[in-house]
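# Report on the structure
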Amino acid sequence: MFQLYTGNRLEDLAVLLAKILAVSPPENPFDDESILVQNPGMAQWLKMFLAESHSIAAGLVFPLPSTFVWQTFAQTLDDIPSQSEFNKPFLVWRLMRLLDTRLGEPEFQALSWYLKEDDTQIRRFQLCSSIADIYDQYLVYRPDWIKSWEGGEAQDSKLKAIFEQQPWQAILWRDLVTDISQQGTSLYHRGNLIEALHDATQSSSRPVGVPERIFIFGVSSLPPNTLESLRVLAASGWIDVHLFLQNPCRFYWGDVVDKHYLGREIKRQTLKPGLSTDTLHLDANPLLASWGRLGRDYIAQLQEMADNELEVFEDYLREQSSGLLQWIQQDVLTLENHGSKQERDASIANADYRHPVAADDQSIRVHRCHSPLREVEVLHDQLLQMFESDPSLTPKDVIVMLPDVNTYSPFVKAVFGRSKQIPFALIDQSGGMENPIVDAYLYLLGLGESRFTLSELISVLEVPAVLARFELTADELERIRQWSTEVGIRWGLDGKTAQQHDLPIQESHTWLNGVRRMLLGYAMGHDHIWEGTLSYGDVEGLEASVAGKLAEFLVAINDAQSKLMESLAPKEWISTLYYLAERFFLLER
């Protein structure tokens, strides 16, 4: 059974989930209920909500949908590996090996031309990564193509015409399947697992470990393969699927389009006489039309798939609150385009038709700021004002949406971390933003192709673990930054760096030239020339040790580059990776 619950408020859907869990607990009290969520943040919110509703939240697991589906495959089918050999990282290296055997064939002529001047194999790796990415997308969105390739010649004339445009793709895929088969590993992948799962559900009973029911909550979209797998499990009777979906509109809105889309379509087709492109969109709520395309298609797919649907919609308008935000939400809920009335009726001469909104309404506010830092500062001030005016409001009730977490996270940490008045947590950051050591280590791995610019190496030195390794302080780092700028360091370790980038050898403005000027200035004073090098005299007294530490850092950078430029076996790479970590980072145990 596939049961769909739709509503416009997430809280109402959570209440419905809590009621179902309360009135129909599992027969075995030690069995966990599986609630599939999109991210850990939703799991945490749901745990807190259920704990408030039931006084406790226990016996619940919150796997990701893809994780749950893969675990079900492993429990149902034999020979399911923990990691598929068809995963993209594994495919890249197989393709690197298999591609050589095919480059001489006419079907691979385009690839052969692309790799003709690939002396370092970097281009080959990039090409194989792109091919692996294409195959990975085919497994998700074109499993019928994969099935046709593995079966031999395509029977469908349309598919055959498509395959003939890039004939090497089918040949190379069959080579991959043969290579994996010869190694005796599993041939299961996302393209054929669903078919195997369907056969298993028809011929056997539900395996031990597969739950009798699952709940899917707060998932705004699911990949096609994952959704089809859940449909197979529900149709077989193995699992009762209860999916809770937030739908902003209580009426059908599957054919709602925005006026820009209509304008593009009208250019391709003839418009019926008497109709105007300026009025075709007036029946559609503009927010649903422009922002809801992905959700619209997903909702339509789920409604077609579900055996039953229960709706729990609730109006936003209240007697005590009817601000601008509530009116906008209500218009979306009821599929109204209230603002189009004046466009529809030319006789309207005043604004009486508009929703009444109080002059002091602040349900929607727009703050225009000159920089991201100022945006965060205004946000901080506004939150403090909100907490002061409403004692019932707490930080856990507030979520802040950012267009790019990585861009804003330094400003959030600076503003909110400095005041320490509002507790906060940043999620969905890249690994480098959460831990600067990650970015520094990844930079070190790319030293073979680096230009060693001033900003790059200073950024590595700014990492606390690197400062600790070379016994530098923050003040000494600032002195290094100042000296490096004043002696004219711009890029390159030495003259060889320019040569590696197909430029004439030039040692001026390199790190080697800059350090020579610093040390020469310490020995001879300011503005002395020795063997063509002009001294820099600001390095004096005990500060000479700081220049020495900088020289030690540059020696380590040079040694690391030399190691990374070598051709290494896998075991030697392991040693090199450990060397980089130990040579550049000092971590607290």
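Presented here is an overview of the structure given in this document. Note that this is a predicted model, so its numbers are computed, not measured. (Residues numbered from 1 in each chain as written. Predicted model: local features only at pLDDT ≥ 70, side-chain atom pairs only at ≥ 80, totals over all residues. Heavy atoms only, no water.)

### Brief notes about the overall build of the protein chain
Check the secondary structure of the protein chain and you find 27 helices and 8 strands. For 589 residues, the compact-globule formula gives about 25 Å, and the C-alpha radius of gyration of the protein chain, at 31 Å, lies well above that figure. With respect to the three principal axes, the spread of C-alpha positions in the protein chain is 85 × 70 × 65 Å. Out of the 589 residues belonging to the protein chain, those deemed buried represent 38%. Between the centroid of the 51 positive side chains of the protein chain and the centroid of its 82 negative side chains there is a distance of 3 Å. (Helix = DSSP H or I, 4+ residues; strand = E, 2+ residues; numbered from the N terminus. Rg over C-alpha atoms; globule rule 2.2 N^0.38 Å. Buried < 20%, exposed > 50% of the residue type's maximum accessible area, 1.4 Å probe, protein only. Lys, Arg positive; Asp, Glu negative; His and termini not counted. Charge placed at Lys NZ, Arg CZ, Asp CG, Glu CD.)

### Focus: the environment of Gly521
In this structure, Gly521 sits in helix 25 (residues 511–524). Judged by its relative accessible area of 4%, Gly521 is buried. Taking C-alpha positions, Gly521 is 69 Å from Phe163, a pair spaced 358 residues apart along the chain. In this structure, Gly521 is in contact with Ser535, Tyr536 and Gly537, ignoring residues within four places of it in sequence. (Contact = heavy atoms within 4.5 Å.)

### Looking at the sheet that holds strand 2 (residues 33–36)
Here we have 6 strands laid out as an open sheet, ordered 3-2-4-5-1-6, and parallel in their pairing. The sheet terminates laterally at strand 3 (60–61) and strand 6 (308–311), the two strands that pair on one side only. The pairing of strand 4 (residues 213–217) with strand 5 (residues 240–246) spans 5 bridges and is parallel. Bridge pairing in strand 5 places Ile216 opposite Leu243. Contacting strand 1 (2–7), strand 5 and strand 6, helix 14 (residues 293–305) runs over the sheet at an angle of about 150 degrees to strand 5. (Pairing = 2+ DSSP bridges. Axes fitted to C-alpha atoms, helices over the stretch in contact; angles between N-to-C directions.)

### Let's talk about the packing of helix 20 (residues 436–445) against helix 27 (residues 570–584)
Contact pair helix 20 / helix 27: the axes reach a minimum separation of 11 Å and the direction vectors enclose 125 degrees. Comparing the axis directions of helix 20 and helix 27 gives the class oblique. Pair helix 20 / helix 27 crosses with right-handed handedness. For the pair helix 20 and helix 27, the contacting residues are Tyr441, Leu444 and Leu445 in the first and Leu577, Leu580, Ala581 and Phe584 in the second. Partitioned by chemical class, the residues of the contact of helix 20 with helix 27 number 7 nonpolar, no polar and no charged. (Parallel < 35°, antiparallel > 145°, perpendicular 65-115°, else oblique. Left-handed = near helix turned anticlockwise from the far one by under 90°. Nonpolar A, V, L, I, M, F, W, Y, C, P; charged D, E, K, R; others polar.)

### Here's the deal with the pairing of strand 4
The side chains of a regular strand alternate between both faces of the sheet. In terms of residue burial, strand 4 counts as a mostly covered element, since 5 of its 5 residues are buried. Going residue by residue along strand 4, you find Arg213, Phe215 and Phe217 tucked away on one face and Ile214 and Ile216 tucked away on the opposite face as well. Judged from the 3 bridges that link them, strand 2 and strand 4 form a sheet pairing that is parallel. Counterpart to Ile35 in the pairing with strand 4 is Phe215. For the segment spanning strand 4, helix 11 (residues 224–236) and strand 5, crossover handedness is right-handed. (Right-handed = clockwise from strand over helix to strand, strands pointing away.)

### Topic: the packing of aromatic side chains
Scanning the entire structure with this criterion turns up 20 aromatic pairs. Ring geometry for Tyr5 against Phe244: centres 4.5 Å apart, planes inclined by 10 degrees, an arrangement best described as stacked. Highlighted residues: Tyr5 in strand 1 and Phe244 in strand 5, separated in sequence by 239 residues. The exposure class of Phe244 is buried, given its relative accessible area of 2%. Geometrically, the ring pair formed by Tyr441 and Phe585 is tilted, given 6.2 Å between the ring centres and 45 degrees between the ring planes. With Tyr441 in helix 20 and Phe585 in the segment after helix 27, this pair connects stretches of sequence that are 144 residues apart. According to the relative accessible area criterion, Phe585 is buried, its value standing at 6%. The residue whose ring lies beneath Arg142 is Trp145, and the NZ or CZ to ring-centre distance is 5.5 Å. Arg451 extends its terminal NZ or CZ atom over the ring of Trp491, reaching a point 4.1 Å from the ring centre. (Phe/Tyr/Trp six-rings, centres within 6.5 Å; stacked < 30°, edge-to-face > 60°. Lys NZ or Arg CZ within 6 Å of the ring centre and 35° of its normal.)

### Looking at the packing of helix 7 (residues 143–151) against helix 9 (residues 167–182)
Running from N to C, helix 7 and helix 9 point in directions that differ by 75 degrees, and their axes come no closer than 9 Å. By the angle between their directions, the pair helix 7 and helix 9 is classed as roughly perpendicular. Two secondary-structure elements touch here, helix 7 through Ile146, Trp149 and Glu150 and helix 9 through Gln169, Ala170, Trp173, Arg174 and Val177. When grouped by side-chain class, the residues that make up the contact of helix 7 with helix 9 number 5 nonpolar, 1 polar and 2 charged.

### Some words on the pattern of salt bridges
Scanning the entire structure with this criterion turns up 21 salt bridges. For Lys88, the salt bridge identified is with Asp133, shortest N-O distance 3.1 Å. Of this pair, Lys88 sits in helix 4 (residues 88–98) while Asp133 sits in helix 6 (residues 122–141), placing them 45 residues apart in sequence. A relative accessible area of 32% places Lys88 in the partly exposed class. Accessibility expressed as a relative area gives 25% for Asp133, which makes it partly exposed. Its salt-bridge partner being Arg94, residue Asp179 comes within 2.5 Å of it at the nearest N-O pair. You can see Asp179 sitting in helix 9 and its partner Arg94 sitting in helix 4, a full 85 residues away along the chain. For the residue pair Asp179 and Arg94, the accessibility class agrees, reading buried in each case. Look at the salt bridges and you will find they share partners, linking Glu85, Arg94, Arg97 and Asp179 into a network. (Salt bridge = Lys/Arg side-chain N within 4 Å of Asp/Glu carboxyl O.)

### A look at the nonpolar core
As a rule of thumb, soluble globular proteins bury nonpolar side chains together. Residues Trp511, Leu550, Phe553, Ile557 and Phe584 are the most contacted members of the largest nonpolar core, which totals 40 residues. Here the element with the most residues in this core is helix 26 (residues 544–564); it accounts for 10 residues. The residues touching Ile557, leaving out its near neighbours within four places in the chain, are Leu444, Leu447, Phe452, Leu457, Leu493 and Phe584. In this structure, Val232, Ile239, Val241 and Met305 belong to the second largest nonpolar core, which totals 37 residues. (Core = buried A, V, L, I, M, F, W, Y, C linked by side-chain atoms within 4.5 Å.)

### Observations regarding helix 18 (residues 405–419)
Given a rise of 1.5 Å per residue, 15 residues ought to cover 21 Å, and the 20 Å separating the end C-alpha atoms of helix 18 matches this to within 8%. Along its length, helix 18 reaches its greatest deviation from straightness, about 30 degrees, at Phe411. Among the residues making up helix 18, those that are buried are Val405, Tyr408, Ser409, Val412, Val415 and Phe416. The N-terminus of helix 18 is capped by Asp404, whose side-chain oxygen sits 3.2 Å from the backbone nitrogen of Asn406. One or two steps after helix 18, the chain reaches Lys420, where phi turns positive at roughly 55 degrees. (Expected span 1.5 Å × (residues − 1). Bend = angle between axes of the 7 residues up to and from the residue. Polar contact = N/O pair within 3.5 Å; in protein donor to acceptor, adjacent residues only side chain to side chain.)

### Overview of a nonpolar patch on the surface
Together, Leu287, Trp291, Leu324, Ile328, Val357, Ile364 and Val366 give the surface a local cluster of nonpolar side chains, amounting to about 660 Å² of exposed area. Of all elements in the fold, only helix 13 (286–291) and helix 15 (324–333) reach the threshold of two or more residues within the nonpolar patch. Mapped onto the elements of the fold, Trp291 is located in helix 13. (Patch = residues over 30% accessible without salt bridge, like charges linked within 9 Å, V, L, I, M, F, W, Y side chains within 5 Å. Areas by Shrake-Rupley, 256 points an atom, 1.4 Å probe, with all protein chains shown as cover.)

Spatial relationships are all this shows, so hold off on functional conclusions.
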